[in-house]
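# Close look at the chain arrangement
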Amino acid sequence: SCGNEEAIQRVSDELEKFDTIIINLYNQIETNPIKVLNESEKLIKKTKTDADPNNLRWNKLNSLYALRAETFYKTREYEKSITEIFNDIKNTQEMLGGDLYIGDNSAIHLACNYVKLKDLKKTKYYLNKASSGWYITDYVYANYYEVIGSKTKAITAYNKILKKENLDHYYFYKDAQ
């Protein structure tokens, strides 16, 4: 039993150390996106080649691809953001085996990028793949209606967001307003 607790502690410590690095990089996206991209690229290479005794490679890559997707999105490099989202999806596929699975999170992030690229067909496709009622889905739909010029639908969708009771997790609340 004692060895098991030590193993759990090792995994926990390694993840905590890694999360600290990731959070630090997230905090630099606005001020130094180039550094974030360079550092994350190095970390991806290191993660892929280093020994992985605690089986955390997948978790680490997942965080790094998400960080890069976010950075590219914020710097308006939407195609590159999409590439990183698909790197993440492929990483998950390698871990789980089987077909490419696009979860809610990835579907929404893809829709966000495609709406910015004004590729409305793909925006709609990925929006439909995401679970409705997920807080960000409503916002992307509202944004989608705005881009296609359906002003009434956009306003209705934004107002629906504003009427929600619990907006603590609503990163987009201000944007909806």
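What you are looking at is a predicted structure, and each value in this text was computed from that prediction instead of being measured.

So, on to the side chain of Thr-92. The topology assignment puts Thr-92 in helix H4 (residues 78-96). The class for Thr-92 is buried, based on a relative accessible area of 16%. With sequence-adjacent residues up to four places away left out, Thr-92 is seen in contact with Trp-58 and Asn-62.

This part covers the confidence of the model for the chain. Per-residue confidence for the chain gives a mean pLDDT of 84, with 86% of residues at or over 70. Confidence scores differ between elements of the chain, with helix H9 (residues 173-176) showing the lowest mean pLDDT of 47 and helix H2 (residues 33-49) the highest of 97. Here residues 169-174 scores under 50 on pLDDT; set against residues more than four positions off or in separate chains, the count is 10 contacts.

Right, let's talk about unusual backbone geometry for a bit. Its identity is not glycine, yet Asn-55 carries a phi of approximately 55°, on the positive side. By the secondary structure assignment, Asn-55 is in the loop between H2 and helix H3 (57-74). On the accessibility criterion, Asn-55 (62% relative accessible area) is exposed. One non-glycine residue, Arg-76, adopts positive backbone phi at about 60°. Examined against the element boundaries, Arg-76 turns out to sit in the loop between H3 and H4.

For the second largest pocket, the calculated volume is near 280 Å³. Glu-14, Lys-17, Phe-18, Ile-21, Leu-43, Lys-46, Thr-47, Asp-50, Ala-51, Asp-52, Arg-57 and Lys-60 together form the lining of the second largest pocket. Ranked by the residues each element gives to the lining of the second largest pocket, the list is headed by helix H1 (residues 2-26), at 4 residues. Of the residues belonging to the lining of the second largest pocket, the class tally is 4 nonpolar, 1 polar and 7 charged.

Close contact between H2 and H3 brings their axes to 10 Å; oriented N to C, the two are set at 160°. Here H2 lies roughly antiparallel to H3, going by the angle between them. In terms of crossing hand, the pair formed by H2 and H3 is left-handed. Between H2 and H3, the residues in contact are Pro-33, Val-36, Leu-37, Ser-40, Glu-41, Leu-43, Ile-44, Thr-47 and Lys-48 and Arg-57, Lys-60, Leu-61, Leu-64, Tyr-65, Leu-67, Arg-68, Thr-71 and Phe-72, respectively. Classifying every residue of the contact of H2 with H3 by side-chain character gives 10 nonpolar, 3 polar and 5 charged.

Pairing between side chains becomes possible if they bear opposite charge and their charged atoms approach one another. Applying the stated criterion across every chain, the model contains 9 salt bridges. Glu-41 serves as the salt-bridge partner of Arg-68, at 3.3 Å between the closest nitrogen and oxygen. Highlighted residues: Arg-68 in helix H3 and Glu-41 in helix H2, separated in sequence by 27 residues. Its relative accessible area of 7% is what places Arg-68 among the buried residues. For Glu-41, a relative accessible area of 37% puts it in the partly exposed group. A salt bridge links Glu-77 to Lys-80, with the shortest nitrogen-to-oxygen separation between them at 3.1 Å.

Rules used throughout
- Residues numbered from 1 in each chain as written.
- Predicted model: local features only at pLDDT ≥ 70, side-chain atom pairs only at ≥ 80, totals over all residues.
- Heavy atoms only, no water.
- Helix = DSSP H or I, 4+ residues; strand = E, 2+ residues; numbered from the N terminus.
- Buried < 20%, exposed > 50% of the residue type's maximum accessible area, 1.4 Å probe, protein only.
- Contact = heavy atoms within 4.5 Å.
- pLDDT = per-residue confidence, 0-100.
- 1 Å grid on protein atoms, 1.4 Å probe; cavity = no way out; pocket = protein on both sides within 12 Å on 5 of 7 lines; lining within 4 Å.
- Points joined across faces, edges and corners; volume = space filled by probe spheres on them.
- Nonpolar A, V, L, I, M, F, W, Y, C, P; charged D, E, K, R; others polar.
- Axes fitted to C-alpha atoms, helices over the stretch in contact; angles between N-to-C directions.
- Parallel < 35°, antiparallel > 145°, perpendicular 65-115°, else oblique.
- Left-handed = near helix turned anticlockwise from the far one by under 90°.
- Salt bridge = Lys/Arg side-chain N within 4 Å of Asp/Glu carboxyl O.

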